[in-house]
Structure formats: structure tokens, C-alpha cells
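The residues making up each chain are set out below.
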Amino acid sequence: MNAIVILHGIGSIIGFMLMVLVFKAKPSEQQKILFAGTVFTFMDVLGYFFELQSRSLEVTRLAVKMEYIGTTMGLLAFLFFTCLYSNHLHDKWIKLIKYFYIVNNTSILFMVLIMDYHTYFYKTMDFSIKDGLYLMIYEPGILHYWWTITITIMGILIAAIMIQSVLEHKGEKRPELILICAASLVPIGIWILRMTGVFGDYDSYPLSMLLTESFLVLVMYRYRLFDTVKSAKDRVIDEIKEGILVVNGRGSLVYSNPEVGTVFPDIEWDNKDMVDEQVFRFMETHIDGFIIKDRFYKWQSNDIFDDQQRKAGVLYRIFDMTDNYLYTKQLIELKEDAERANEAKSSFLARMSHEIRTPINAVLGMNEMILREAETDNIREYATNIHSAGKLLLSIINDILDLSKIESSKMEIVENDYNVGTLLLDIENMVSLRAEEKGLNFKIEPDVNMPKMLRGDEKRIKQCITNLLTNSVKYTQEGSVTLQIDCVDNKDSTVYLWVSVSDTGIGIKEDELYLLFDPFIRLDMRKNKNIEGTGLGLSITKRLLEMMGGNLTVESIYGKGSTFSFVVPQKVIGTELLGDYKKIADESEVADSAARKAFVAPNAQILAVDDTRVNITVVKGLLKRLKVQFDSALSGQECLNKVKEKHYDIILLDHMMPEMDGIETLHNMQQMDEYNRDKSVVIALTANAIVGAKEEYLKEGFADYLSKPIDSAQLEEMIRQYLPDELIEYI
Ligand code: ADP
């Protein structure tokens, strides 16, 4: 037998083996295309093997047809395979090439298969023995020329796609690309050789394709290219720290990864019905997650759809959320601890400041007696010092109380209508004396065209402005302190009250500005060590403004001065403009002078109720000037007993008392016939200075409220206000 025939016989066997080898590889796109390639190459080689041995033209024709099935389709498979490795797989021109060759090769194949009926492919066909080989001698038809041209271009294109791919991945280590590229050059190389006529009538194409395919299969196995994608997917699913369960359209289990086994260790995974029953039911009844063996799991399900968008099953994913769960639990516990600690701190501060206020009340009250009764100057001076130190202590306590209220969200914003003019006058009264003492020029510059009546929390706004002004006075040695006030952004009935306090004081260093609003932080201590302060004023001011919907800003030049300004929304009441606010002062002074006229009330019956004896003494001392009929009780019960016996015009009733507190005492009193027959005015007297306290007392039935330490002028004014006119004698 001729050597070439034997070679093609062996080639056919190799082709068959390649086919089986690729068929058994893991399914992937590459595997499918390569499998098609090996099938067609096998047909090609086998066809030629038959052709070489054919003894009749009929058999030769059959063999040629078989060869052409292999060649046309094999080349298509090879083109598709190389396209997979092109970076331009989805480019238009790649698609165009593919479509062209699909049409071209199938049409050529068709024409070859029906070659018995036409002469377009082979004009003539004959059969002869040449060099011991049985070969088909033919005269090519027009289509044969077309086929030769297109197949040559196809070989070049395949090689070009691979070369381009190698070049674009030049920097990366991709030896498989280079080898596939080399394989793609084999057929075109041998084809060119054949054109030169070195092979004579021998068709080198089938063996060259076999060579290429073998090369490709080798590369695919050598570099495990068949496995990578699929095994990557398998690995991800199998090793992921997430339980994966897949059920089919009928709801029974098709797949579960190993992690699911660790979540549900007691399930018999082989018994699929049991799994459905136990696992899915369990999950569906634990929508928010479940705990198994101290681990906390959450789950999620997604429907799976087939190509036609029909529901094909459900994918369940089970997440181990234990770490998250514990972390969140820990965070919640920490938050609760912090909140509890903060609450404890706030209530401690509130209680402590209350406790401190009571003795200061006594100190200031007794000191007031000394001031009134002191006969020598140096005693009066000592008492004056005690008075100012006591007042300072009191303002610190008030600040701490405010801060603790703000922090525990117990601070309330109480809105009422107020007169901007009066507000400015009050502020002027509070600040001008201090400014004058330091020789500072204190100016108030309101816009006369701003509204006169506004609605908002006057008390808090006043507190904010005075905090800023007292700071400016404190931190300015010479020059001026200016308060400007205006309303901006007038929209309907809401305006933004704009307030600016500027001074020519020591200023604040730029890099310290960010610390300004932190509680208990005082800046520039070297310069400020002799200035009294707690570092609370600005942080309270800022937070109060924020609670009212405003905000505080600061501009400062170190050594030159500072400007603090804020805007806060307020409602406008009426249409009256502010004008000259000092006029209000004149008007109110007239009214005040009548009110402030000194008086005595020798027939007025006044009862003071307090469990602390010294407080009674203070009240008694403060009322001495009014010459009233004074009586006292040391407990709620004693108060009730006294009210039974006698009518009092005014009762000053302390709140915090052991056994029966002030509120209970009042309530009990309201049940008494004696009290109801001839009602007394009951005024709450308390160290409880928290915000909203007054409203609380009024709600409980008190006529008014006086906070300790008692301001003697305030006490006298209240007595004058609530005593019937006939009991008052002006002097
Ligand atoms: P305090 O005045 O009681 O220390 P504040 O909270 O009111 O507390 O102010 C915090 C710090 O900001 C002050 O200690 C001071 O250093 C600085 N500061 C506040 N106002 C001014 C100002 N007008 N000029 C310069 N420094 C100021």
C-alpha cells in the first residue's frame, strides 16, 4: 500500500481520537467549537483516505463530497474558535466575517453535494493513477476559483485575528495565545506551499488541518483551558461562605453546596423530599432569619427563569450573619450603655445643681440680710464680695443645668409673642453696666424698620444674645462692643432674626476656632487665666440656636476682635415697625416707677412653707421691709394645719420637701373646705430652675413661681402683684 494512503489511514485514526478526547472534555464554549472542528477534520482526512483508494469515479465523487463537508465546516469551526480569542469578538467586522463565511461555506458545500447535476464547481472530472495514487483529475469551474480565493482569504484572516490577539496581549503571560496563533499559521503556510506546486496533485489540506487541530487540542489540555471557566464557577459555588440551594420548577431540590450542610447538619441530603419539607418550610417560617447552633443566618430567594422567561425554579442563598449580628448587638448595647451613662450624668447634674442651689439660696439670702443691716463699710464690702461670688456660682450652676437639659433632650423651646424693643432694653440693662465698668463703648444698633413684635422663645434668644455680649465684654480690654439686630429674608409671616455681636477684643486664633463650641473648652488660657468662665456659654448658645432652627457663626482676627452672628427663624406678629426702642423704655419707666414705689402691707397674712429652717429665715428677712404678718411651716402637713386655722393672703410653698412635697400639699389643700371658702394665692418657691418649670407649676394649680435664690425685688414685686389693693400702703 502506498505510504501516503497509510499516512491518511493513521491520520483518520488520530482524527477520531481527537474527536473522542475533546468530546470528553468539560463542556464550555471552546469545547463545543473544538469538538465540531475535530469532527469535520476527521471527515476531511477520512474522505481523502477513501479518495486515495477509490477505484471508480462514483466512489471518488462520494469521497470528495465527504471531504468538502469536512473542509467547509471545519474551516468555519476554526474561524469561530479563533474569534473567541479575539478581543474584538463583538465588533461589527468580526460578525460580518463570520456571517459571510457561514453563507459562503454552506453554499459551496451545497454546490459540491449536488456536483453531479452541474459543472460550476468541476467543469470536468476524471479519474487516473499518478505516482501510484488514485487521484481525481478535474478542470475547475467558476465556483472552484471562487472557493480557492475565499478560502485563501479565510486562512489569512484567521491568522490575522490570532496575530492581532497576541499583539494586544503582549505584556501578559499568555503562552496559550501564542501557540494557538502558531497553529493557525499552519494551514495557510501549507496552503501557500501547495500553491507553489511542490506537492504536485497531492492535496495537503486534510493533513494540515489535522495537524492544526491536534495542536489546538494539545494546547487546550496543556493549559487546562477547557476547565478554567467551569471549574472557576464550580469552585465559587462550592467554596463560597454562603449556602446555595437550588430547587426546580416543581419545588424539589436540585443542588445544594457544602456550606448548606454545615447550616443544616441534621438533614438527610439524599432524601430530597425530606429536604424540601424540612429546609424550605423552616426558612419560609423564619423570614427575618434564624439561629442554629449559636450562629445567626439570614436568607434570600430569587426566582430563576429560563430563556423564554418562564419560572424554572428558585435559588435560595443562606448568609451567615453571626459576626454582623453580634457586632450590631454589641453596638446597640454600647449605645444603650452610653445613653444610660449620659442620662445618669444629666440627672446627676440636674440633681446636684438643684442641691447646690438650695444652700446658695441660703447663703445669698442671709448675705442679703447682712448687706441690708451692715453698719460698717468693711462688713458691707465682704458681703458684696460674697454676693458677687454667689451670683457667679449660681450662673455656673444654671449653665450646667441647661447643658444637661439640652443633652438629655429635655430642653423645650417655649414660644410666645414678644416685643423686640423690650428685649433690647433688657439686654442693655444687663450688659451696659459691665461694659461701662470696663470703659468699653457698648452700642446697640437695631434696624428701625424691622418688625416690632415677633413670636419665638424670647427667653432663649435673650440668653443667646447675652451670652455673646458678656463674652465680648469679658474678652475685650478696650474699644467697643456692638450689637446689631435685623430681620432678613422676609417671607410671609416668617423672618430670619439676624443678630451680630462684634468686639475689638483679643480675638481667637484660627487654628483654635474649631474648639470654640465644645463644652468645657476654654481657649488661649495663657491670656485668659484671670477671666472667669467655664467654657459652657458658647456651646449652650450654639445648641439652643440649633434647637430653634438657627445657626451660629464666628469670624475672628487674633488680636483684633471677633464677630459672632446668628440667624434664627421667628414669626412676625402684626405690621408695626420697631422704630426707636428707647422710647419703650421711657413709657415703661413711667409705668414701672408707679409699680416700683415702695410699700408696706402690715395687715397681709403671709405663710412661708419650707423644710429648711434657714430658708424660712431668709424669706422672713427679705419680707421684713414690707412689715407683713409672717408665719411659717416646716412641712406640708404643718402648712395644711395652719391653713385650717387661718386664712393667708399669700402662701410661699416650697416644692421639694420630704413626706409631702409642695405639689401634693397644694392638691390636698384644694380639697379642704377652709381653703376653698377663702382661697389663698399659692406661689411655688423652689430651687428647681429648669426650663418649663414655671409652666409645670402653673399647670399644677400654683398662681406663680419664684426660683431660689430669691431675688428680693422679684419677691416684693410678686407680693405687690398678688396682694389685694386694700392691703397695700405706698410710702
Ligand atoms: P467661657 O467664656 O465661660 O470660657 P464660652 O463657651 O462662652 O466659655 O467661650 C469659650 C471660649 O471661647 C472662651 O474661653 C474664650 O477663650 C473664647 N471666646 C468666646 N468669646 C470670645 C470673644 N468674644 N473674644 C475672644 N475669645 C472668645
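This text goes with the structure placed above it.
Keep in mind that this is a model prediction, so the values were computed, not measured.

**Here we look at the side chain of Gln-463**
1) Next: For Gln-463, the position within the fold is in helix α14 (residues 458-474).
2) Next: Assessed through its relative accessible area of 15%, Gln-463 is described here as buried.
3) Next: Contact partners of Gln-463, with chain neighbours within four places excluded, come to Asp-402, Ile-540 and Leu-544.

**Details of the packing of helix α4 (residues 92-113) against helix α5 (residues 142-168)**
The relative placement of two packed helices comes down to the angle between their axes together with the axis-to-axis distance.
1) Next: Following both chains from N to C, one finds α4 and α5 inclined at 150°, their axes separated by 11 Å at the closest point. As α4 packs across α5, the resulting crossing turns out to be left-handed. Judged by residue contacts, Trp-93, Ile-94, Ile-97, Phe-100, Tyr-101, Asn-104, Asn-105, Ile-108 and Met-111 of α4 engage Leu-143, Trp-146, Trp-147, Thr-150, Ile-153, Met-154, Leu-157, Ile-161 and Gln-164 from α5.
2) Next: The residue inventory of the contact of α4 with α5, partitioned by class, reads 14 nonpolar, four polar and no charged.

**Focus on the sheet that holds strand β5 (residues 290-292)**
1) Next: The strand order across the open sheet formed by five strands is β4-β3-β7-β6-β5, and the pairing between neighbours is antiparallel. A strand with exactly one partner marks an edge of an open sheet, and here the two such strands are β4 (253-256) and β5. With direction set aside, neighbouring strand axes in the sheet form an average angle of 30°.
2) Next: Here strand β3 (residues 242-248) pairs with strand β7 (residues 311-320) via seven bridges, running antiparallel. Each residue of the ladder has a partner; that of Ile-244, found in β7, is Arg-317.
3) Next: Here helix α11 (residues 322-373) sits on the sheet and contacts β5, β6 (295-305) and β7; the angle it forms with β6, its principal contact strand, is near 130°.

**With respect to the nonpolar core**
1) Next: Within the largest apolar cluster, 60 residues are counted, with the highest numbers of intra-cluster contacts made by Tyr-68, Leu-79, Phe-81, Phe-121 and Tyr-122.
2) Next: Excluding its chain neighbours within four sequence positions, the residues that come into contact with Phe-121 are Tyr-68, Ile-108, Val-112, Glu-139, Pro-140, Gly-141, Leu-143, His-144 and Trp-147.

**Section: the site of the ligand**
1) Next: In the vicinity of the ligand there are 21 residues, among which Asn-471, Tyr-475, Arg-522, Thr-534 and Leu-538 approach most closely.
2) Next: The contact in question runs from a nitrogen atom of the ligand to an N or O atom on the side chain of Asp-503, over 2.9 Å.
3) Next: Take Leu-538: an N or O atom from its main chain is 2.8 Å from an oxygen atom of the ligand.
4) Next: For the ligand, whose free accessible area comes to 530 Å², the fraction covered by protein is 97%.
5) Next: For the shell around the ligand, the secondary-structure elements that each account for two or more residues are α14, α16 (537-547) and β14 (561-577).
6) Next: No other element matches α14, which puts three residues into the shell around the ligand.
7) Next: For the shell around the ligand, the residue count by class is nine nonpolar, nine polar and three charged.

**Section: the packing of aromatic side chains**
1) Next: Summed over the entire model, instances satisfying the criterion amount to 15 aromatic pairs.
2) Next: Relative to Trp-147, the ring of Tyr-68 has its centre 6.1 Å away and its plane inclined at 55°; by these criteria the two rings are tilted. Of this pair, Tyr-68 sits in helix α3 (residues 57-84) while Trp-147 sits in helix α5, and the two are 79 residues apart along the sequence. You'll find Tyr-68 and Trp-147 in the same group, each marked buried.
3) Next: When the centroid spacing of 6.0 Å and the interplanar angle of 45° are considered together, the rings of Trp-299 and Tyr-316 count as tilted. Residue Trp-299 is found in strand β6, and its partner Tyr-316 is found in strand β7; the two are separated by 17 residues along the sequence.
4) Next: Taking relative accessible area as the criterion, Trp-299 reaches 14% and is therefore assigned buried.
5) Next: Here the aromatic cluster, defined as three or more aromatic residues joined through ring pairs, consists of Tyr-68, Phe-121, Tyr-122, Tyr-138 and Trp-147.
6) Next: Across the ring face of Phe-80, the terminal group of Lys-98 is positioned such that the distance to the ring centre comes to 5.0 Å.

**Concerning the layout of surface pockets**
1) Next: Its boundaries defined by the atoms lining it, the second largest pocket holds a volume of some 660 Å³.
2) Next: Every residue lining the second largest pocket is counted, 26 residues in all, and those nearest its centre are Tyr-68, Tyr-138, His-144, Arg-194 and Asp-203.

**Quick word on the sheet that holds strand β17 (residues 629-633)**
1) Next: Spatially, β17-β16-β18-β19-β20 is the arrangement adopted by the five strands of the open sheet, whose pairing is parallel. Each edge of the open sheet carries a strand with a single partner, namely β17 and β20 (704-707). If you compare each strand with its neighbour and ignore which way they point, the axes differ by 20° on average.
2) Next: Across four bridges, the pairing between strand β19 (residues 681-686) and β20 is parallel. Note on β20: the bridge partner recorded for Thr-686 is Ser-707.
3) Next: Across the sheet, helix α18 (residues 613-623) is in contact with β16 (605-609), β17, β18 (650-654) and β19; its angle to β17 comes to roughly 170°.

Criteria and cut-off values
- Counting restarts for each chain, with residues numbered from 1 along the sequence as it is written.
- Note on the predicted model: pLDDT of at least 70 is required for a residue's local features to be given, and 80 or more for side-chain atom pairs to be given and counted; whole-chain, interface and lining totals, by contrast, use all residues.
- Side-chain metrics rest on all non-hydrogen atoms present in the structure, leaving aside hydrogens and water.
- A helix here means a DSSP run of H or I that spans at least four residues, while a strand means a run of E at least two residues long, and both kinds are numbered starting from the N terminus.
- Exposure classes here rest on a 1.4 Å probe applied to the protein chains alone. A residue is buried below 20% of its type maximum, exposed above 50%, and partly exposed in between.
- Note on definitions: a residue-residue contact is assigned when non-hydrogen atoms from the two residues lie within 4.5 Å.
- Here an angle of 0 to 180 degrees is reported between the N-to-C directions of two axes, which are lines fitted to C-alpha atoms, with helices fitted over the stretch in contact.
- With the far helix as reference, a near helix turned anticlockwise by less than a right angle produces a left-handed crossing, and one turned clockwise produces a right-handed crossing.
- Residues are grouped as follows: Ala, Val, Leu, Ile, Met, Phe, Trp, Tyr, Cys and Pro are nonpolar; Asp, Glu, Lys and Arg are charged; all remaining types, including Gly, are polar.
- By the convention used here, strands pair only if DSSP detects at least 2 bridges between them.
- The set of buried Ala, Val, Leu, Ile, Met, Phe, Trp, Tyr and Cys residues whose side-chain atoms join them within 4.5 Å is what this entry labels a nonpolar core.
- One heavy atom within 4 Å of a molecule or strand is enough for the residue carrying it to be called near that molecule or strand.
- Pairs of N or O atoms are called polar contacts if they sit within 3.5 Å, as long as, within protein, a hydrogen donor faces a hydrogen acceptor (for residues adjacent in sequence, only side-chain-to-side-chain pairs).
- Working definition of accessibility: Shrake-Rupley area with a 1.4 Å probe, residue cover restricted to the visible protein chains.
- Two rings from Phe, Tyr or Trp (for Trp, the six-membered ring) form a pair when their centres sit within 6.5 Å of each other. Planes less than 30 degrees apart are called stacked, planes more than 60 degrees apart edge-to-face, and all others tilted.
- Two conditions define a charge sitting above a ring: the NZ of Lys or the CZ of Arg must be within 6 Å of the ring centre, and it must be within 35 degrees of the ring normal.
- Lining residues are defined by having an atom within 4 Å of a point belonging to a cavity or pocket. Those points lie on a 1 Å grid over the protein atoms alone, cavities being sets where a 1.4 Å probe fits but cannot get out and pockets being open sets with protein on both sides within 12 Å along at least five of seven lines.
- Grid points are joined across faces, edges and corners, and a volume is the space filled by probe spheres set on the points.

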